[in-house]
Amino acid sequence: MKKKIELIGATDIVDLPELAWYNVPVRVDSGATTSSIHCARVRLIKDGDETRLCFYLDAKKGAPQQSFSVSEFKETVVRNSSGKEEKRYVIKTQIIIFGRKIRTEFSLANRKKMSYPILLGRKLLKGRFLIDVSQKDLSAKHNAEKARHKSHDPEASPTLLIH
């Protein structure tokens, strides 16, 4: 069955459960090919024959204050917002948006000067979302509305009858 194409605004709120980071503000950017996530202290660690990628997320934006280490990653060259090419590492992780779990790639970038710690690019958006830049936080509003309806659904919360 083909998934419904959702309307997404210029910004939104997402969850990254594998990174234990929830209610993360994101900027939607159809000009970016790959999504990116703000990281600091990105480094490779050699452990015998294995090389692991270690990084820290943006604790100032609510991320866990811990290091993450992955063995599955790749290295790529991307053109940054100023047109300069730079080498970045890319990881795959799960993102939850509009209640949908999507496994996608994120390049690890220094977004310290940016307002949003995560940028959602075309690879994630294509075939899933239609952008309306006049809107914002539609997934967050969708989830709040869904929760509100669930709390008013008599089938969802059975009433205990005492005789």
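One structure accompanies this document, and this report is about it. (Residues numbered from 1 in each chain as written. Predicted model: local features only at pLDDT ≥ 70, side-chain atom pairs only at ≥ 80, totals over all residues. Heavy atoms only, no water.)

**Let's talk about the packing of aromatic side chains**
In this description, an aromatic ring pair is defined by two values, namely the gap between the centres and the angle between the planes.
So, step 1. The final tally for this structure, using the stated rule, is three aromatic pairs.
So, step 2. Seen from their ring centres, F73 and Y89 are 5.9 Å apart, and the 80° between their planes marks the pair as edge-to-face. Taken together, the positions of F73 in the loop between β6 (67–70) and β7 (74–79) and Y89 in strand β8 (residues 85–97) put the pair 16 residues apart, joining distant regions of the chain.
So, step 3. The class for F73 is partly exposed, based on a relative accessible area of 26%.
So, step 4. Here the aromatic rings of F98 and F129 are separated by 5.8 Å at their centres, their planes lie at 35°, and the arrangement is tilted. Taken as a pair, F98 in the loop between β8 and β9 (100–109) and F129 in strand β11 (residues 129–131) lie far apart in primary sequence, 31 residues in all.
So, step 5. A cation over a ring is seen here: R41 above Y56, with NZ or CZ 3.7 Å from the ring centre. (Phe/Tyr/Trp six-rings, centres within 6.5 Å; stacked < 30°, edge-to-face > 60°. Helix = DSSP H or I, 4+ residues; strand = E, 2+ residues; numbered from the N terminus. Buried < 20%, exposed > 50% of the residue type's maximum accessible area, 1.4 Å probe, protein only. Lys NZ or Arg CZ within 6 Å of the ring centre and 35° of its normal.)

**Digging into the pairing of β7**
So, step 1. With six bridges connecting them, β7 and β8 associate as antiparallel partners. Along β8, the bridge assignment pairs V77 with K87.
So, step 2. Hairpin connection between β7 and β8: a loop of five residues separates the two successive antiparallel strands, and G83 in this loop has a positive phi of roughly 90°. (Pairing = 2+ DSSP bridges.)

**Description of the nonpolar core**
So, step 1. Ranked by internal contacts, the top residues of the largest apolar core, which has 29 residues, are I37, F55, L57, I118 and L120.
So, step 2. If you list the elements that add at least two residues to this core, you get β2 (11–16), β3 (21–28), β4 (35–47), β5 (50–57), β8, β9, β10 (118–120) and α1 (122–125).
So, step 3. Not counting residues within four places of it along the chain, the set of residues in contact with L57 comprises L19, W21, I37, H38, C39, A63 and F68. (Core = buried A, V, L, I, M, F, W, Y, C linked by side-chain atoms within 4.5 Å. Contact = heavy atoms within 4.5 Å.)

**A closer look at the side chain of E6**
So, step 1. Locating E6 in the fold gives a position in strand β1 (residues 6–8).
So, step 2. Nearest to the buried, unbridged E6 among oppositely charged side chains is K4, at 4.2 Å.
So, step 3. Residues contacting E6, with those up to four places away along its chain left out, are F98, R100, R128, F129 and L130. (Lys, Arg positive; Asp, Glu negative; His and termini not counted. Salt bridge = Lys/Arg side-chain N within 4 Å of Asp/Glu carboxyl O.)

Everything listed is a geometric property; what it means functionally is a separate question.
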